[in-house]
Amino acid sequence: MQGAKSVAFHTLGCKLNYSETSSISRMMENEGFVKKEFTEEADVYVINTCSVTENADKECRQLVRRIQRKAPESIVVITGCYAQLKPKEIAEIPGVDLVLGAAEKFNITKHIKEIAKGDSAKICSCDIEEVSGFNSSFSINDRTRTFLKVQDGCDYNCSFCTIPMARGKSRSDSIANVIKSAQSLADSGAKEIVLTGINLGDFGKGPDGNEPVSFQNREENFYKLIQELDNIEGIERYRISSIEPNLLTNEIVEFVANSQKFMPHFHIPLQSGSNTILGMMRRRYKRELYAERVGLIKTLMPHAAIGVDVIVGFPGETDAEFKETYDFLHALDISYLHVFTYSERDNTHALTLSPVVDMHARHERNKSLRNLSYMKMQYFEAGHAGQTRKVLFENHNKNGMMEGYTDNYIRVSVPYKTEWENSIVEWRL
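All of these numbers come straight from a predicted model, not from anything done at the bench.

Colleague: Go over the overall build of the protein with me, naming the residues and quoting the values.
Modeller: Along the backbone of the protein there are 13 helices and 19 strands. In terms of overall size, the protein behaves like a compact globule, its C-alpha atoms giving a radius of gyration of 22 Å where 429 residues would be expected to give roughly 22 Å. Each principal axis of the C-alpha atoms in the protein carries an extent, and together these give about 60 × 55 × 50 Å. Taking all 429 residues of the protein together, the buried fraction comes to 54%.

If you want it as structure tokens, here you go:
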């Protein structure tokens, strides 16, 4: 490759993917690449994929086709979870030049220099069991809120999930490294950090920074991490992106309740309100524990926002079991739902379960829970009407308007003011 090459990125999936794309982007810019928008023509296009649902797979294919039409001579690189799980399938998509698995995504520039357009697609991957290192990453300059990756991989084997196959065993950064990254983000002007990982509550497992990997528990854990982060000058807000109910301990909830920096906002995956279905999903808790966690949060922080992940149409889910989920969520003091329609994934135990729920029923159940989510959020927001809460406004001008979030995750939209960008403002709801 001669001269400065341009590169454009597109991210599918979770907050962790966004933090990794941002880090890969900075790395490539440091090596002389010029970053462009994905809608522009670029020499290299990088798609960081997800494979949690079938839609993410389809979207990847659509993006490659779009690049082929717009810039047929450009190099197309696919990385992320889909690339780790199905590298050969991706390599056969017309227009794809390079497929990078989990261990190679951070070696992207080396691989790009070794390929030429027109060669057959090159696959650089390995068995997921061999993936053991931890690559720290964070997003910056992309959003006011910065996503900081502190943990990766998962040792759970939920029957519907491919993530352990795509990202490997649970491993995490050291507290010292996380503190260093957070301090650097504070120095760059970031006001809010969202802690991200695949199984965040599992923080403490795996290699200690760059030391040789050992999948034993270290002396470090998530509770110790948040205690340390609370002391950093310059960061005014932290959010915990998502944490399993069985790993959300009483001491973590109590710490957040007493912290000025950790926001009263939890996102706790449930997946089903039926203990029968939770068992078939191989989840590590029952609905009673979930209700207990929500109860403790709302007792200590009545104003806290609680988001819930839920899957509808899992194999074997009857109308009665779906109603159990609906009624359970309806009765819980939560704020919003992220609703996922069950999607068959290769090599998962769920494929062996029956009966299969037909697609029409899956979509109807999804619609039903999305309506419930809308009602929950309306009720939550109405409960705070007239209150004054702190809003961190983002640095985006969207058609003369700007948005921000209260500490407890209520979205506020106001006419754009330059002086409010990346600022925390007292706002009457």
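Colleague: Please provide a residue-by-residue account of helix α9 (residues 250–258), values included.
Modeller: All of the buried residues along α9 are I252, V253, F255 and V256. Take α9 and look down its axis: the buried residues cluster within an arc of 160°, on one side only. Turning to α9, the residues buried within the fold contact α8 (222–229), β12 (237–240), β13 (265–271) and α11 (287–300).

Colleague: How would you explain the sheet that holds β13 if you had to name every residue and give the values?
Modeller: The strands that make up a sheet pair up through hydrogen bonds in the backbone, lying either parallel or antiparallel. If you trace the 3 strands from one edge of the open sheet to the other, you get β13-β14-β15, paired in parallel fashion. The sheet is open, and its two borders are formed by β13 and β15 (336–341), each paired with just one other strand. Neighbour to neighbour, the strand axes of the sheet diverge by 20° on average, direction disregarded.

Colleague: Pulling in residues and values, what's your account of the nonpolar core?
Modeller: A general tendency of soluble globular proteins is for nonpolar side chains to be buried together. Core analysis: the biggest nonpolar cluster contains 52 residues, and L195, F222, L229, F262, I297, L329 and L369 have the highest contact counts within it. In terms of residue count, the dominant contributor to this core is helix α7 (residues 175–187) (5 residues). Beyond its immediate chain neighbours, meaning those up to four positions away, F222 contacts L195, L200, G201, F203, I240, I243 and I252. In terms of nonpolar packing, the next biggest core, distinct from the first, is built from 21 residues, A8, F38, A83 and V96 among them.

Colleague: I'd like a description of the side chain of E20, backed by residues and values.
Modeller: You can see E20 is positioned in helix α1 (residues 15–30). For E20, a relative accessible area of 1% puts it in the buried group. Excluding anything up to four places from it in sequence, E20 contacts N48, K105, F106, S137, K149, D152 and R167.

Reading the values: the criteria
- Residues numbered from 1 in each chain as written.
- Predicted model: local features only at pLDDT ≥ 70, side-chain atom pairs only at ≥ 80, totals over all residues.
- Heavy atoms only, no water.
- Helix = DSSP H or I, 4+ residues; strand = E, 2+ residues; numbered from the N terminus.
- Rg over C-alpha atoms; globule rule 2.2 N^0.38 Å.
- Buried < 20%, exposed > 50% of the residue type's maximum accessible area, 1.4 Å probe, protein only.
- Arc of directions from axis to C-beta.
- Contact = heavy atoms within 4.5 Å.
- Pairing = 2+ DSSP bridges.
- Axes fitted to C-alpha atoms, helices over the stretch in contact; angles between N-to-C directions.
- Core = buried A, V, L, I, M, F, W, Y, C linked by side-chain atoms within 4.5 Å.

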